[in-house]
Amino acid sequence: MTTTRAFAAQSATTPLAETVIDRREPGPKDVAIDILYCGVCHSDLHTARGEWGGVRFPSVPGHEIVGRVTAVGNAVTRVAVGDLAGVGCLIGSCRTCASCGEGLEQYCEGPHGFQGTYGGWADGSGENTYGGYSAAIVVDEHFVLTIAHGEEQLAGVAPLLCAGITTWSPLRHWQAGPGKKVGVVGIGGLGHMGVKLARALGAHVVAFTTSPDKKQDALDLGAHEAVLSRDRDEMKAHAGSFDLILNTVAAPHNLDAFTALLKRDGTMVLVGVPDSPHPSPSVGALIFGRKAIAGSLIGGIPETQEMLDFCAEHGIVSDIEMIRMQEIDAAYDRMLKSDVKYRFVIDMASLKD
Ligand code: NAP
Ligand code: ZN
Ligand code: ZN
């Protein structure tokens, strides 16, 4: 065991504060990483403030991790000491079920589900795990991603590990590309990556925002059009026209406003996980048009690597605002006001201050 500095929430109502956690000594298949940057996902906030229930405290959030490899076990082949590496939302799964076999470890059907980078196994069993708001982490090589971006881009790569893959996976699964009209709802951390990735995949991209000042930003991020979702006329102009809508909103809202915009056989994929349910969608709106509402969870390890390599090749990184670890609660408060442009990233050097 080695002790590592970290920031933890001790309960749902206490601000995050410095603490010390244990990391295991690297085993034969393990990779030890000094964390340089960690992105701040809205899921971190939902967790640290107990919004989803069932949270195990102390909680050390953070699943958008990039850093440098400091040690590897003798069976590790894919990375070496000195390499840049990433860790996303998953650090374990059964590795033998059908989903794991297809590289979709996030849907692991094993007895415990997947093992989250923080919060432990999906079924709540076993030990708690501590995420990226820390100086270092030790992870099985299978769950470590390689980074082809330049080192100077590293902070902007961190959010790809969750915001990037959570939007990439459904865009690929529902085949966003040339000839497809794709909507992205909520221009926050996930949404801004959804816009960039859907554009790079060749789709016609329309951003939906509740924030008037984000309309121009959405166009600058790569959207062909931007719509104020609270403006009925702007919404009506897109009725019945979308193949796919990716909805990243972190709060309950009226889904019918968006299913009305789908074409026949169109799908709206929900990736936002509000702390209380959406108002029930109208079934009629789905039946008349054979429309679907679906969900999607982060992404598997092979598709995460595919997304990282695609982003490196196309020069894609997240638009970030760097913060110090000590500023995390203020960052959460701004996130609740939709005031993030477009992802907070923690400079982990600040943990040493
Ligand atoms: P975020 O940066 O806070 O962005 C969410 C955006 O949603 C806001 O910027 C805002 O965009 C919009 N929004 C917020 N409140 C709204 C409201 N009341 N009505 C309408 N729009 C609203 O959050 P994030 O990190 O992108 O995460 C989004 C959600 O996805 C969270 O619930 C998170 O837990 C979840 N998540 C899910 C997965 C998965 O695997 N499915 C993975 C990661 C995160 P505008 O200002 O443009 O309206
Ligand atoms: Zn996340
Ligand atoms: Zn499995």
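Here is a short report on the structure shown in this document. (Residues numbered from 1 in each chain as written. Chains lettered and ligands numbered in written order. Predicted model: local features only at pLDDT ≥ 70, side-chain atom pairs only at ≥ 80, totals over all residues. Heavy atoms only, no water.)

**Some points on the pattern of salt bridges**
Threshold: Should a side-chain nitrogen of Lys or Arg be within 4 Å of a carboxyl oxygen of Asp or Glu, the pair is scored as a salt bridge. The numbering of helices and of strands both runs from the N terminus, where a helix is a DSSP run of H or I of at least 4 residues and a strand a run of E of at least 2. Think of it in three bands: with a 1.4 Å probe and only protein chains considered, a residue is buried below 20% of the maximum accessible area for its type, exposed above 50%, and partly exposed in between.
In the structure shown here, the tally under the stated rule is 16 salt bridges. One salt bridge in this structure joins Glu18 and Arg5, with 2.8 Å as the shortest N-O distance. Of this pair, Glu18 sits in strand S2 (residues 17-23) while Arg5 sits in strand S1 (residues 2-8); the two residues are 13 residues apart in sequence, bridging distant segments of the chain. For Arg5, a relative accessible area of 34% translates into the label partly exposed. Close ionic contact of Asp30 with Arg24 constitutes a salt bridge, the shortest N to O distance being 2.8 Å. The partly exposed category is assigned to Arg24, whose relative accessible area is 43%. Each of Arg49, Asp329 and Asp333 takes part in a single network of salt bridges with overlapping partners.

**Section: unusual backbone geometry**
Put simply, Phe57 and Pro58 share a cis peptide bond, and its omega is -5°. Mapped onto the secondary structure, Pro58 falls in the loop between helix H1 (42-48) and strand S4 (65-72). Although it is not a glycine, Arg95 sits at a positive phi angle of roughly 70°. Mapped onto the elements, Arg95 comes out in the loop between strand S6 (90-92) and helix H2 (98-101). The class for Arg95 is partly exposed, based on a relative accessible area of 42%. Positive phi, normally seen in glycine, also occurs at Ser338, with a value near 55°.

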